[in-house]
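Here is how the chains run, residue by residue.
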Amino acid sequence: MSQPATQHNKDDVMASPKPSKWQGFLDSDIVHSWKQQPVVIMATLMTLLMFMGALFAPWIAPQNPFDPGQLELIDAFTPPLTTSDFTGNFYLLGSDSQGRDVFSAILYGSRISLLVGFAAVFFALALGTALGLVAGFRGGWRDAIIMRIADVQLTFPSILLALLIFGVIRGFMPGSMHAEVAIIVLIIAIGLSDWVQYARAVRGATMVEKSKEYVQAARVIGLPDIKILFQHILPNVMRPVLVIGTIGLALAIIAEATLSFLGVGMPATQPSLGTLIRVGQDYMFSGEWWILFFPGVALLILALSVNLLGDWLRDVLNPKLR
Amino acid sequence: MSLTQNSAERPDTASQREDTTAVLSVRNLRVEFPNRHGTLVALDDISFDIAPGEILGVVGESGAGKSMTGNAVIQLLEPPGHIAAGEVRLSGERIDNLSEEDFVPLRGRRIGMIFQDPLTSLNPLFSIGDQLVETIRAHLPLNEKKARAKALDLLREVGIPAPETRLDSYPHQFSGGMRQRVVIALALAAEPELIIADEPTTALDVSVQAQILALLKKVCAERGAAVMLVTHDMGVIAETANRVAVMYAGRLIEIGPVDDVIQRPQHPYTEGLMASIPGLGARRERLYQIEGAMPRLAAIPSGCAFNPRCPHAADRCRQERPSLLATSQGQAACWLHDPVNPVARRPLQETSS
Amino acid sequence: MTQSQAPLPHSSDDILLAVDDLARHFDVSRPWLNRLIERADRQTLKAVDGVSFSIRRGETLALVGESGCGKSTVARLIVGLYGLTRGQITFDGQDISQLAGKSGKQVAAIRQRFQMIFQDPFASLNPLWRVNTIIGEPLRLFRPQMSSADRHRRVGELLEQVGMSAADGYRYPHEFSGGQRQRISIARALANEPEFMVCDEPTSALDVSVQAQILNLMKDLQQEYGLTYLFISHDMAVVKHMADRIAVMYLGRIAEIAPADQLFSQPRHPYSRMLLDAVPSLDGSGKQRSMIEGEVPNPVHPPSGCAFHPRCPHAFERCQREIPGLIASTGGTQVACHAVEEGRL
């Protein structure tokens, strides 16, 4: 360093020490912020717990609540933490009117809730991102049409819209198929009612990125639009979308629960958390509180944890707050 | 009107006054940003005074800490930044240790502020007149009618044509230059002792820049307000300021009367900076270039912060940090000016390749 | 480098780029529904309206002017980022007026011969790409047959050429300072050995000491590769340092084109004079800048006739009525001013 700094010296000054990728990740602001917030750590743990429970339900659950053959009708209304006098089965969270183990039902039910939630968010995200990209990148009449549809859709509560879409799709199908395709119909209904926020976010971000000079630089060399969209713009607009997606997951889970609670979602033979709550509410005042209570708590924990995680992600990834 | 003459005097007289008469007096100011990797020293040992009616230009490149100096004075440092040492006095009264609550009345009332983007200083939802009247009444005991009359006077003073008709206009109805005039009017509304202008003309075109600077100079001279003019533009400093303080890597490295610093810079950094500015004079094939870049706050070299880029750097410069040393006209933080044992100056090459 | 006695434009045979009557109007109307309700008319912004000039091979032509004068629009029209409303652009004898909107192989042959450097070093590099990928992008597009090892080597060379090290290629843009990013931008522009570079305020976002580094680098590269520059800036001093010829623009039109020395020693157009007078002096003479009255008017509603007449001390009745054309004056200068034409100035 005795010589006046040359270009390379300058680079040395600029260079931060280069740790490995994993160390870099552990040292990143995101991890640091995570470690500092007990609430977020709790939310992460609870989310992981619920995910694991749902994923490994067949290995954890004492019975398969979807299999009528495994249900012991004689054990109906067993209270929580009780071993049945008749069959000797232990019911951690009690059993319902069919003798279905509530704990198993929650594990399997959150499986369906999460599946519907993820699929609906993915569907909404893909649709919204695609439409938002087109609207933001091409502008003009495409933009006008897409965004006016979005505006109109926003004037309806999304749960109402999901109900409507659900009803319309079911109306076109023979009654015998209803139970089998219920889950797909649910996903489409929730997804269709929820794409607008992704489209809006992507459109805004696309218009910002489109005018940035790195996109113009790609245009100057004549990179085709489709490549500009997928190589440059899409990766740069995904960050806000994924954050909305995380929060959207909680909302989709609640939407699914709402629909199932209203009786238009999952049938009682394949209960999701919402269905369990609907079924359970019949027994709320007759003393069998656990049939409603535990699925309700499970839904609360799941939705709350995912939502907290989403909020935290949004804050930590928001460049304006850093 | 004696203040007008005051500002026209040689600025040296102003700078050599007693501290107590200085409008703004900053002593050994140190600002730190603690983070989880350690503590960044954003400003280190900054001292200067501004006399009434004087315009002190604070100049430096991005990251030198010039804006932060202004923000530290008005306690608008972004957390976790805070003043770690030193003191700031406004007309002799210490203000760096005031709580936010006690500081709020100072902003606008005793310290006027002008920022780069006039749009951010003006509320788009209120008319210019309303904003002026509100500011005036917040700080001065005037009724609505008198405040409005004063607002009109202010707009006239800052050169808004037909101010009666513009009083009810909204910020977006003004052009950039006119908006900045309104911001100056707002800053002057409560007749502050000190005005901090942070890049007031950077967002404006050259032709408008000249108008705004002339205005700033005129109104401050008339009112005897001290001005701290923060800018990256030496041209702005050259025609507006009385004295100039040059900053580098969070430190004050040279301070002195503006013509002297510009004509005969004493610190090698200032010297290089001046030589690297293309001028309208004779055309040079190459500009002088200072190699490298300003260090990041996390990696400020030991000794003199400029030593890795300095053509005269000696061992001493790498070990010992120079404080501001007296030069022929001002002060420079450089061992070249050590009265006892100055570091030898090496000849500067005109161009480097 | 500087021609003191420049030949008249169009008379030289080695013209690389010529633009003729270039115009670009933008529709800045409110949306259709608003227009209907507010009974507002369509509004057109004539960002560029009838600009003609030519650039010789190896020369630097600068466009200067205040914000809103259309200089950046001219740059974007030439590289085909915008389509033309009117006029013609000829690059090395080839009509490239229809370049905008064409991409890929059809126009690769022409597009690889020019490049653009942008103003904002923080927005001109894709933040998610490594520097290697960024600089290699033009190579991947124009030389698909190049092996990735060769491309890699070339990118390393380019980085060294702009004063960085090949190892910097593995880093991401956010790890670099503004000046270094601008060097990366230049490396990317150089990747495919273009002949012509459009530089849109390449140093106005940089600090002066870094500006000096970048301007020196650009001059070195010009000498080494015989590059031709269209250099856009609002800074008269920078323009003086870089340009061989200068075109002063005001509200979408050229007020004056002159060889650099000529413009600075003898500005003809009243606007050129004002611009020069407005440059703050660093010579310590304490001279006050002469004041220009007023500001650039809203380009959506430009003044009639010569757009400068409301601010011009020499304006008279004809200036409000008639738009002045560019008229050849002495020493290779062209001026669009009635007062100059009539010999009053």
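Residues numbered from 1 in each chain as written. Chains lettered and ligands numbered in written order. Predicted model: local features only at pLDDT ≥ 70, side-chain atom pairs only at ≥ 80, totals over all residues.

Details of the overall build of chain B
Okay, so step 1: Within chain B one finds 15 helices and 12 strands.
Okay, so step 2: For a compact globule of 353 residues, the expected C-alpha radius of gyration is about 20 Å, and chain B comes in at 21 Å, within 12% of that figure.
Okay, so step 3: Considering only C-alpha atoms, chain B reaches an extent of 65 × 50 × 40 Å along its principal axes.
Okay, so step 4: Across the 353 residues of chain B, 50% fall into the buried class.
Okay, so step 5: For chain B, the share of sequence-separated contacts (at least 6 apart) that also reach a separation of at least 24 residues comes to 66%. (Helix = DSSP H or I, 4+ residues; strand = E, 2+ residues; numbered from the N terminus. Rg over C-alpha atoms; globule rule 2.2 N^0.38 Å. Buried ≥ 20, exposed ≤ 12 C-beta atoms within 10 Å, placed from the backbone. Contact = placed C-beta atoms within 7 Å.)

Side note on the overall build of chain A
Okay, so step 1: Within chain A, the regular secondary structure consists of 14 helices and 2 strands.
Okay, so step 2: Here chain A has a C-alpha radius of gyration of 25 Å; the compact-globule value for 322 residues is 20 Å, and the former is much larger.
Okay, so step 3: Over its C-alpha atoms, taken along the principal directions, chain A stretches across nearly 90 × 55 × 30 Å.
Okay, so step 4: Within the span of chain A, comprising 322 residues, buried residues form 43% of the whole.

With respect to the sheet that holds strand S12 (residues 331–332) of chain B
Residues and elements named next belong to chain B.
Okay, so step 1: Strand order in this open sheet of 8 strands is S6-S7-S8-S3-S9-S10-S12-S11, and the pairing throughout is mixed. The sheet terminates laterally at strand S6 (111–114) and strand S11 (325–326), the two strands that pair on one side only.
Okay, so step 2: In terms of strand pairing, strand S3 (residues 55–59) meets strand S8 (residues 226–231) through 5 bridges, oriented parallel. When the sheet's bridge partners are listed, Val59 is paired in S8 with Thr231. (Pairing = 2+ DSSP bridges.)

Some words on the confidence of the model for chain B
Residue and element names in this part refer to chain B.
Okay, so step 1: Residues of chain B with pLDDT of at least 70 account for 93%, and the chain-wide mean is 85.
Okay, so step 2: Strand S9 (residues 243–248) holds the highest mean pLDDT among the elements of chain B, 95, whereas helix H1 (residues 2–8) holds the lowest, 40.
Okay, so step 3: Contacts of residues 1–19 to residues separated by more than four positions or lying in other chains number 24 contacts, the stretch itself having pLDDT below 50.
Okay, so step 4: Among the prediction metrics, the complex's ipTM stands at 0.87, with pTM recorded as 0.84. (pLDDT = per-residue confidence, 0-100.)

Regarding the interface of chain B and chain C
Okay, so step 1: Every contact between the two is made by 34 residues of chain B and, on the other side, 34 residues of chain C.
Okay, so step 2: At the level of elements, helix H11 (206–223), helix H12 (234–240), helix H13 (258–263) and helix H14 (268–276) of chain B are the ones that each hand at least two residues to the side of chain B that touches chain C.
Okay, so step 3: Counting residues per element, the side of chain B that touches chain C draws most heavily on H11 of chain B, which supplies 6 residues.
Okay, so step 4: Each residue belonging to the side of chain B that touches chain C can be placed in one class, and the counts come to 16 nonpolar, 12 polar and 6 charged. (Nonpolar A, V, L, I, M, F, W, Y, C, P; charged D, E, K, R; others polar.)

Examining the pairing of strand S10 (residues 251–257) of chain B
Residue and element names in this part refer to chain B.
Okay, so step 1: Most of S10 sits out of view: 6 of its 7 residues are buried.
Okay, so step 2: Relative to S10, S9 runs antiparallel, the two sharing 6 bridges. Looking at the pairing, Val244 lines up with Gly256 of S10.
Okay, so step 3: Counting the residues that bridge the hairpin from S9 to S10 gives 2 residues, and of these Ala249 lies at a positive phi of roughly 50°.

Some points on the packing of helix H6 (residues 102–138) of chain A against helix H7 (residues 140–154) of chain A
Residue and element names in this part refer to chain A.
Okay, so step 1: Here H6 crosses H7 at 140°, and the two axes come no closer than 7 Å. When the axes of H6 and H7 are compared, the pair comes out oblique. Considering only the axes of H6 and H7, their crossing is left-handed. Listed contacts from H7 to Leu131, Val134, Ala135 and Arg138 of H6 are Gly140, Arg142, Asp143, Ile146 and Met147.
Okay, so step 2: Here the contact of H6 with H7 is composed, by residue class, of 5 nonpolar, 1 polar and 3 charged. (Axes fitted to C-alpha atoms, helices over the stretch in contact; angles between N-to-C directions. Parallel < 35°, antiparallel > 145°, perpendicular 65-115°, else oblique. Left-handed = near helix turned anticlockwise from the far one by under 90°.)

Some remarks on the sheet that holds strand S1 (residues 15–27) of chain C
Residues and elements named next belong to chain C.
Okay, so step 1: An order of S2-S1-S4-S5 is seen for the 4 strands of this open sheet, with the pairing classed as antiparallel. At either margin of the open sheet sits one strand with a lone partner, and together these are strand S2 (44–56) and strand S5 (94–95).
Okay, so step 2: As paired strands, S1 and S2 are joined by 10 bridges and run antiparallel to one another. From the neighbouring strand, Val19 faces S2, where its bridge partner is Phe53.
Okay, so step 3: Here helix H2 (residues 71–78) sits on the sheet in contact with S1, S2 and strand S4 (86–91), set at roughly 115° to S1.

Overview of the packing of helix H6 (residues 178–190) of chain C against helix H7 (residues 208–225) of chain C
Residue and element names in this part refer to chain C.
Okay, so step 1: With their axes 10 Å apart at the nearest point, H6 and H7 run at an angle of 15° to one another. Put simply, H6 runs roughly parallel to H7. The two elements H6 and H7 cross, and the hand of that crossing is right-handed. Together, Gly178, Gly179, Gln182, Ile186 and Leu190 of H6 and Val210, Gln213, Ile214, Leu217 and Leu221 of H7 make up the contact between the two elements.
Okay, so step 2: The class makeup of the residues in the contact of H6 with H7 is 6 nonpolar, 4 polar and no charged.

Points about unusual backbone geometry
Okay, so step 1: The omega torsion of the bond from Pro79 of chain B to Pro80 of chain B falls at 5°, within 30 degrees of zero and hence cis.
Okay, so step 2: Take Pro80 of chain B: it is sitting in the loop between helix H3 (66–73) and strand S4 (82–90).
Okay, so step 3: For Asn28 of chain B, which is not glycine, the phi dihedral falls at a positive 50°.
Okay, so step 4: Within the secondary structure, Asn28 of chain B sits in strand S1 (residues 24–35).
Okay, so step 5: Taking the C-beta count within 10 Å as the criterion, Asn28 of chain B has 11 such neighbours and is therefore assigned exposed.
Okay, so step 6: Backbone geometry places Leu251 of chain C, a non-glycine residue, at a positive phi of 45°.
Okay, so step 7: Here Leu251 of chain C is to be found in the loop between strand S9 (245–250) and strand S10 (253–259).
Okay, so step 8: Take Leu251 of chain C: there are 24 C-beta atoms within 10 Å of it, and that puts it in the buried class.

Here's the deal with H2 of chain C
All names here are of chain C.
Okay, so step 1: Burial of H2 is extensive: 8 of the 8 residues sit out of reach of the surface.
Okay, so step 2: Three or more residues of H2 are buried, namely Lys71, Ser72, Thr73, Val74, Ala75, Arg76, Leu77 and Ile78.
Okay, so step 3: Among the residues trailing H2, Gly80 stands out with phi positive, at a value near 80°.

With respect to the pairing of S1 of chain B
Residues and elements named next belong to chain B.
Okay, so step 1: The pairing of S1 with strand S2 (residues 38–50) spans 9 bridges and is classified as antiparallel. In the strand pairing of S2, Glu32 is matched with Val41.
Okay, so step 2: From the end of S1 to the start of S2, which pair antiparallel, there are 2 residues.

Notes on the environment of Thr203 of chain C
All names here are of chain C.
Okay, so step 1: Of note, Thr203 is situated in the loop between strand S7 (196–200) and H7.
Okay, so step 2: Residue classification places Thr203 among the buried residues on the basis of 27 C-beta atoms within 10 Å.
Okay, so step 3: Between the C-alpha atoms of Thr203 and Ala100, which are 103 residues apart in sequence, the distance is 26 Å.
Okay, so step 4: With residues up to four places along the chain from it excluded, the contact list for Thr203 reads Gln211, Ile214, Leu215 and Val238.

Quick word on the environment of Val183 of chain B
Residues and elements named next belong to chain B.
Okay, so step 1: Note on placement: Val183 falls in helix H10 (residues 176–188).
Okay, so step 2: Overall, the presence of 26 C-beta atoms within 10 Å leaves Val183 in the buried class.
Okay, so step 3: Remark: the alpha-carbon pair of Val183 and Pro322, spanning 139 residues in sequence, is separated by 39 Å.
Okay, so step 4: In contact with Val183, other than residues within four places in its own chain, are Ile114, Pro118, Ser121 and Leu122.

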